[in-house]
Amino acid sequence: AQTVTQSQPEMSVQEAETVTLSCTYDTSESDYYLFWYKQPPSRQMILVIRQEAYKQQNATENRFSVNFQKAAKSFSLKISDSQLGDAAMYFCAYRSANAGGTSYGKLTFGQGTILTVHP
Amino acid sequence: DTGVSQDPRHKITKRGQNVTFRCDPISEHNRLYWYRQTLGQGPEFLTYFQNEAQLEKSRLLSDRFSAERPKGSFSTLEIQRTEQGDSAMYLCASSWDRGEQYFGPGTRLTVT
């Protein structure tokens with residue numbers, strides 16, 4: 001079974017600075033997707049960024065970028081120019097890309113990292 | 001479209017009672033997922049539907065839990081004989097095939 005581990009329960013950053021959130025995962029599959037989701041307090045979860053495992057190029061979405069190291073099974077999120085609105089719980093998640101795979105369709109989440117942004 | 005909606009947003013019930021939650025997905029989405037999230041943890045997969053067919057169920061989904069998606073539109077999740085350990089946020093998400101999953105606001109269940 002696939003597992004996702006976020007080893008940083010809490011992180012903090014000063015406004016306008018850069019912060020990196022860590023994620024490692026374990027899988028025997030070669031084809032999969034990785035995601036970072038943001039869950040603001042009392043608000044619904046939204047997708048921040050997505051990475052396909054077959055792509056070597058790291059995904060980027062405006063101020064958000066990832067460092068995907070497939071061999072190391074590492075998938076970190078970098079937030080540049082942090083803003084107060086970035087404060088939230090961030091979840092790393094895995095999804096199989098193989099039809100019939102054990103987690104096909106469903107997301108497997110890590111434990112989450114609470115990000116605090118200081119003004 | 002207003003996104004995924006869930007009803008109720010909060011539910012307080014006494015141990016042993018039955019509860020039912022509803023999820024309305026984004027209208028054109030054929031897949032619907034249920035997850036459970038306990039405080040300070042990541043969501044855990046419970047079950048998912050493609051149209052009206054329930055294609056996968058987690059071992060977390062005990063016999064007291066049942067989910068339906070009649071006509072492939074809205075879905076209900078029922079918990080019978082609730083226990084204190086059932087207290088959690090129940091999240092629903094929908095997607096078109098393997099596309100992005102859009103989450104609803106969740107139903108927070110408290111079992112007293």
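Residues numbered from 1 in each chain as written. Chains lettered and ligands numbered in written order. Predicted model: local features only at pLDDT ≥ 70, side-chain atom pairs only at ≥ 80, totals over all residues. Heavy atoms only, no water.

## A closer look at the packing of aromatic side chains
The cut-off we apply is this: In summary, the pairing rule links any two rings of Phe, Tyr or Trp, Trp by its six-membered ring, whose centres are within 6.5 Å, and it sorts them by plane angle into stacked for under 30 degrees, edge-to-face for over 60 and tilted for everything else. Any residue under 20% of the maximum accessible area for its type is buried, any over 50% is exposed, and the rest in between are partly exposed; the area is computed with a 1.4 Å probe on protein chains only. What counts as a helix is a DSSP run of H or I of at least four residues, what counts as a strand is a run of E of at least two, and both are numbered from the N terminus.
Counting across every chain of the model gives 18 aromatic pairs over all chains. Where Tyr 33 of chain A meets Phe 35 of chain A, the ring centres are 6.4 Å apart and the plane angle is 35 degrees; that geometry is what we call tilted. Both residues of the pair, Tyr 33 of chain A and Phe 35 of chain A, count as buried. Their ring planes at 70 degrees and their centres at 6.2 Å tell us that Phe 109 of chain A and Phe 103 of chain B sit as a pair that is edge-to-face. In this pair, Phe 109 of chain A is assigned in strand 11 (residues 108-109) and Phe 103 of chain B in strand 10 (residues 102-103), connecting two distinct chains. By the burial criterion, Phe 109 of chain A is buried, and Phe 103 of chain B matches it.

## With respect to the pairing of strand 11 (residues 107-111) of chain B
Residues and elements named next belong to chain B. Applicable threshold: Strand pairing is assigned whenever DSSP detects at least two bridges linking the two strands.
Every second residue of strand 11 is oriented toward a common face, the buried set being Thr 107, Leu 109 and Val 111 and the non-buried set Arg 108 and Thr 110. The pairing of strand 2 (residues 10-13) with strand 11 spans 4 bridges and is classified as parallel. Note that in strand 11 the partner of Lys 11 across the bridge is Leu 109. Bridge count for strand 9 (residues 88-95) against strand 11 is 3 bridges, and the pairing is antiparallel. Of the residues in strand 11, the one forming a bridge with Tyr 90 is Thr 107.

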